[in-house]
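Next come the chains, spelled out residue by residue.
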Amino acid sequence: YSVAAPAWDLHGYIIAPFLIRHGTEEQKASWLPHMVSGEHIAAIGLTEPGGGSDLKNLNTSAQLEDDGYIINGAKTFITNGHIANRILLATKTDRSLGAKGISMFWVNLNADGVSRGRNLKKIGNKAQDTAELFFDNVKVPAECRLGAENDGWRILMDGLVRERLVVAIRSMVIAEAAIDKTITYTKERKTFDQTVFDFQNTKFKLAEMVANVEALRPFVDRCIELQLTEDVTPELAAKVKLTTTEVADRVLDECLQLHGGYGYIWDLSIARN
Ligand SMILES: Cc1cc2nc3c(=O)[nH]c(=O)nc-3n(C[C@H](O)[C@H](O)[C@H](O)COP(=O)(O)OP(=O)(O)OC[C@H]3O[C@@H](n4cnc5c(N)ncnc54)[C@H](O)[C@@H]3O)c2cc1C
């Protein structure tokens, strides 16, 4: 299916950095080794049935009681939702404060009160499970709060750059790999007594794709370099995500066409991209 299950990029490149950057020394020592060993598989719970883009209006609540919090609410579209045993969960600890009333928790998905809905059927990424999750009076110890109370929005925005970069790098690599596969295929496939690669139209199309991808690669590499010193702004990350996903989209479509009817058949990896 062209993707691994579980979604390791989410687990390792998006969720783990939240814990590394915002966890206390005790939290990191307690949580990270389990993530590295794979004993804990992580998910992130932001989106709710009522909406995802308008994150500051999320409804899942966390209420402080005695030595912990009581969580109530529902999340949807959660990648790793069925196989994860931990979730980084966005909740409201103060409804009157809007975005400033959000707090993050590291929640055990095997705790009492957590239930999992159906595995949602998707157009792509079929090997990965995407699920609804429900929280009914789930008790979470106070030491499982990541960052200060009501500091969740700042924590989430801090992760935006990494999330955008992960998508950009993946899109770049998918486009590069698709071109490689298409060159190999068209050199092997014969029609009208010559290879598909030998048609001038094929060479024009491949040359254009290679030019677009090679022109973008230095931009992606520069962003990776800047990220090493944390100098990628959310705006720059948005630019690299936008340009790489659009090029990848066009390249994949062209590459699929150059495979003829086989491009539509699941057996070939170009169809599964
Ligand atoms: C495969 C998959 C995996 C996912 N994994 C996760 C996960 O692991 N964790 C998680 O929390 N979420 C996950 N999501 C959810 C994803 O983050 C949301 O789908 C996304 O945030 C959009 O929210 P929504 O679907 O509620 O769309 P809506 O917010 O309802 O948006 C609907 C449409 O309105 C547009 N729109 C919204 N606001 C505006 C605006 N202000 N101006 C103009 N247009 C606007 C949107 O662009 C969209 O086209 C996943 C989704 C998918 C499909």
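Quick notes on the rules
One numbering rule holds for all chains: residues counted from 1, following each sequence as written. Since the coordinates come from a predicted model, pLDDT governs what is reported: local features require at least 70, and pairs of side-chain atoms require 80 or more to be given and counted, while whole-chain, interface and lining totals use all residues. To get the side-chain values, all heavy atoms of the structure are used, and hydrogens and water are removed first. UniProt positions are given in the numbering used here, feature names are shortened, and annotations may be inferred rather than shown by experiment. As used in this record, nonpolar core signifies buried Ala, Val, Leu, Ile, Met, Phe, Trp, Tyr and Cys residues forming a set joined through side-chain atoms within 4.5 Å. The rule is simple: take the accessible area with a 1.4 Å probe, protein chains only, and divide by the maximum for that residue type; under 20% is buried, over 50% is exposed, in between is partly exposed. For the purposes of this entry, the term helix denotes a DSSP run of H or I that reaches at least four residues, the term strand denotes a run of E that reaches at least two, and both are numbered from the N terminus. Contacts: residue pairs with any heavy atoms within 4.5 Å of one another. Stacked, edge-to-face and tilted are the three classes for Phe, Tyr and Trp ring pairs, Trp counted by its six-membered ring, which pair at centre distances within 6.5 Å; planes under 30 degrees apart are stacked, over 60 edge-to-face, the rest tilted. Charge over a ring is defined by NZ of Lys or CZ of Arg lying within 6 Å of the ring centre and within 35 degrees of the ring normal.

Going by what an unreviewed UniProt entry lists, the protein is known as Acyl-CoA dehydrogenase and is assigned to marine metagenome. A UniProt comment under Cofactor (unreviewed entry) is attached to the protein, and it reads "FAD".

## So, the nonpolar core
Membership of the largest hydrophobic core comes to 42 residues, with the highest contact counts inside it found for Ile71, Ile87, Leu88, Met104, Val107 and Phe135. When contributions to this core are tallied by element, the ones reaching two or more residues are α1 (8-22), α2 (25-37), β1 (42-45), β3 (68-79), β4 (86-92), β5 (102-108), β7 (130-141) and α3 (152-188). No other element matches the six residues that α1 contributes to this core. Not counting residues within four places of it along the chain, the set of residues in contact with Ile87 comprises Ala43, Ile44, Gly45, Ile78, Phe105, Trp106, Val107, Leu109, Leu133 and Phe135.

## Things to note about the packing of aromatic side chains
By the definition in use, this model includes two aromatic pairs. Relative to Trp106, the ring of Trp31 has its centre 5.7 Å away and its plane inclined at 35 degrees; by these criteria the two rings are tilted. Taken together, the positions of Trp31 in helix α2 and Trp106 in strand β5 put the pair 75 residues apart, joining distant regions of the chain. One exposure class covers both Trp31 and Trp106, and it is buried. Over the ring of Phe18 we find Arg162, and its NZ or CZ is 5.3 Å from the ring centre. Directly above the ring of Phe197 sits Lys187, whose terminal nitrogen or CZ lies 4.8 Å from the centroid.

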